[in-house]
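Okay, here's what each chain looks like letter by letter:
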Amino acid sequence: MNRELFVITDAPKKDGLCMIYRCKKPKEKKKKNFRELPYFRKSHMRASTKLSPDKKNHEPLASAAVCFLPKYCQYVDHKKCKLFFILNPNKMNHRVAVMSASESIPDHLIRVIECKQGAVRAVRFNVDGGYCMTCGSDKSVKLWNPHKGTLLHTYAGHGYEVLDARGSTDNSLLASCGLDKSVMMWNVATGEAMRKFRGHAARVNCLAFNEESTVVISGSMDNSVRMWDLRSRKYDPIQVLDEAKDGVMSIAVNDNEILTSSLDCYTRIYDIRNGKLVSNCIGDSVTCASFSGDSQCILVSTTNSKLFLMDKDTGELLAEYTGHTSRDYRVESCFTASDTHILSGSEDGHIYCWDLINGTLKNKLEHKGSQVVHSLSPHPSDPLVLTATLGQVWLWGKPPEIDEDT
């Protein structure tokens, strides 16, 4: 299907509209649900009239609109229901993912998995989304194929409840942490416990691998973030980040940056390569913080039942999302795979879904029989999300396509 491509400038005009540029048709790569386009060049673009149809080259754009926010612009052709999502449009060397807006919201319950490991403290997709890990109050970590609902392996060795788990980029290692104040490394294939790092003085809430999966980073209620080198034979942390004044609740890693959230009302971004620290005071205790797909924004969850979308570099508040309940529990939030919507758990038994740009509530996913949905994990590329409540994991996605010919 032939479609026009547009780039929207970052600077709005006097009338509040952005200048739209039409791009020449580049070579395309097909990949599952979206098409990744080659790098933009200025020679590929020519000026186009603002929001007025060009009858010679394409069909009239019915109900077209431009929404402007710093770092994010979108051009929506409602007639074709396609969303052209431009990441940092001032820089023409950024790749652009073109995806249907409606395809990016997982709103259909596919499967409920009974984990049989007590209360499920966390659920995590692996790096490619083919498998997932669940952390249980019975001191175990379980590896699943959530698409089939089958249990693949159980890893037991922690002394108390397991609170978080992550898989390495090559899927050969699994890291877990919990109430026993330790970080454990597992061989995924054999289930063998390879290493056990001790050093935290309180429970370890969260952990993450670096990009190369050579370092594990853990955050604890002892107010510290510790880095453990998997290539070294030593069991001491190679670096300790102790700027937090209260417990560290979440860790997100992106290239050379580490994003942490803390109950002291701050988010902190550590630039390891340049040795810089950027702290932002949110005003309420922060239970979760995550990077957007383009790493230009961060999403922050607080105990005041509010979500904030903030510019990573300047700390500017871009959007605020409300409606869910998050006061007494550590409730997680995330971006969808396409970065077009925001998902958050809630203490009323629902997953809330907002539009990223205008902040409107798009959907509520009900978990019948549950009170608190505290953990969720988005699929890295497809419109799927895993949620955890009580002793169950719920897989949400899109409803199966119905063949019109049958």
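Worth saying up front: this structure is predicted, and the values here are computed from it rather than measured.

### Here's the deal with the overall build of the chain
- Scanning the chain from terminus to terminus reveals zero helices and 37 strands.
- Accessible surface, the chain as shown: approximately 18800 Å² in total, 48% of it carbon and sulfur.

### Here we look at the sheet that holds strand E12 (residues 132-136)
- Spatial ordering of the open sheet is given by E11-E12-E13-E14, a layout of four strands whose pairing is antiparallel. Looking at the sheet topology across the chains shown, the edges are occupied by strand E11 (120-125) and strand E14 (150-156). Adjacent strand axes in the sheet meet at a mean angle of 20°, parallel and antiparallel pairs treated alike.
- Bridge count for strand E13 (residues 140-145) against E14 is six bridges, and the pairing is antiparallel.

### A short note on the pattern of salt bridges
- Using the criterion set out here, one finds 10 salt bridges in the structure.
- Across the pair Glu332 and Arg124 runs a salt bridge, and its minimum N-O distance is 2.8 Å. Of this pair, Glu332 sits in the loop between strand E30 (317-322) and strand E31 (333-335) while Arg124 is found in strand E11, placing the two residues 208 residues apart along the sequence.
- Note that Lys312 and Glu257 form a salt bridge whose closest N and O atoms lie 2.9 Å from each other. In this pair, Lys312 sits in the loop between strand E29 (306-311) and E30 while Glu257 sits in strand E24 (residues 257-262), placing the two residues 55 residues apart along the sequence.
- The class of Glu257 is buried, set by a relative accessible area of 13%.
- Sharing partners across several salt bridges, the network here consists of Arg124, Asp164, Arg166 and Glu332.

### Examining the UniProt feature "repeat: WD" (unreviewed entry) in the chain
- Those residues carrying the UniProt feature "repeat: WD" (unreviewed entry) are residues 113-154, 155-196 and 197-232 in this numbering.
- The annotated region residues 197-232 carries 0% helix and 53% strand content, and the separation between its end C-alpha atoms amounts to 12 Å.

### A look at the sheet that holds strand E36 (residues 385-389)
- Spatial ordering of the open sheet is given by E10-E37-E36-E35, a layout of four strands whose pairing is antiparallel. In this open sheet, the two edge strands, each paired with only one partner strand, are strand E10 (108-114) and strand E35 (375-378). Going from strand to strand, the sheet's axes swing by 20° on average, the running direction of each strand aside.
- Pairing geometry for E36 and strand E37 (residues 392-397), over five bridges, is antiparallel. Bridge pairing in E37 places Val385 opposite Trp396.

### Details of unusual backbone geometry
- Unlike most non-glycine residues, Asn223 shows phi in positive territory, near 75°.
- Of the residues examined, Asn223 reaches a relative accessible area of 23% and is grouped as partly exposed.
- Despite not being glycine, Asp255 has its phi angle at roughly 55°, a positive value.
- Its place among the elements puts Asp255 in the loop between strand E23 (248-254) and E24.
- Assessed through its relative accessible area of 47%, Asp255 is described here as partly exposed.

### Focus on the environment of Glu114
- By the element assignment, Glu114 lies in strand E10.
- A relative accessible area of 46% places Glu114 in the partly exposed class.
- Filtering out sequence-adjacent residues up to four positions away, Glu114 remains in contact with Trp144, Gly391 and Gln392.

### Here's the deal with the pairing of strand E15 (residues 162-167)
- Pairing analysis gives five bridges linking E15 to strand E16 (residues 173-178), with the strands arranged antiparallel. Among the inter-strand pairings, Arg166 is bridged to a residue of E16, identified as Ala175.

### Some details on the side chain of Ser295
- Secondary-structure assignment places Ser295 in the loop between strand E27 (286-291) and strand E28 (297-302).
- Residue class for Ser295 comes out buried when judged on its relative accessible area of 12%.
- A polar atom in the side chain of Ser295 sits 2.2 Å from the side chain of Asn254.
- Residues contacting Ser295, with those up to four places away along its chain left out, are Asn254 and Lys312.

### Thoughts on the pairing of strand E18 (residues 193-198)
- Where strand E17 (residues 182-187) and E18 come together, five bridges link them in antiparallel fashion. Bridging from a neighbouring strand, Val183 pairs with Phe197 of E18.

About the thresholds
Residues numbered from 1 in each chain as written. Predicted model: local features only at pLDDT ≥ 70, side-chain atom pairs only at ≥ 80, totals over all residues. Heavy atoms only, no water. Helix = DSSP H or I, 4+ residues; strand = E, 2+ residues; numbered from the N terminus. Areas by Shrake-Rupley, 256 points an atom, 1.4 Å probe, with all protein chains shown as cover. Pairing = 2+ DSSP bridges. Axes fitted to C-alpha atoms, helices over the stretch in contact; angles between N-to-C directions. Salt bridge = Lys/Arg side-chain N within 4 Å of Asp/Glu carboxyl O. Buried < 20%, exposed > 50% of the residue type's maximum accessible area, 1.4 Å probe, protein only. UniProt positions renumbered as here; feature names shortened; annotations may be inferred. Contact = heavy atoms within 4.5 Å. Polar contact = N/O pair within 3.5 Å; in protein donor to acceptor, adjacent residues only side chain to side chain.

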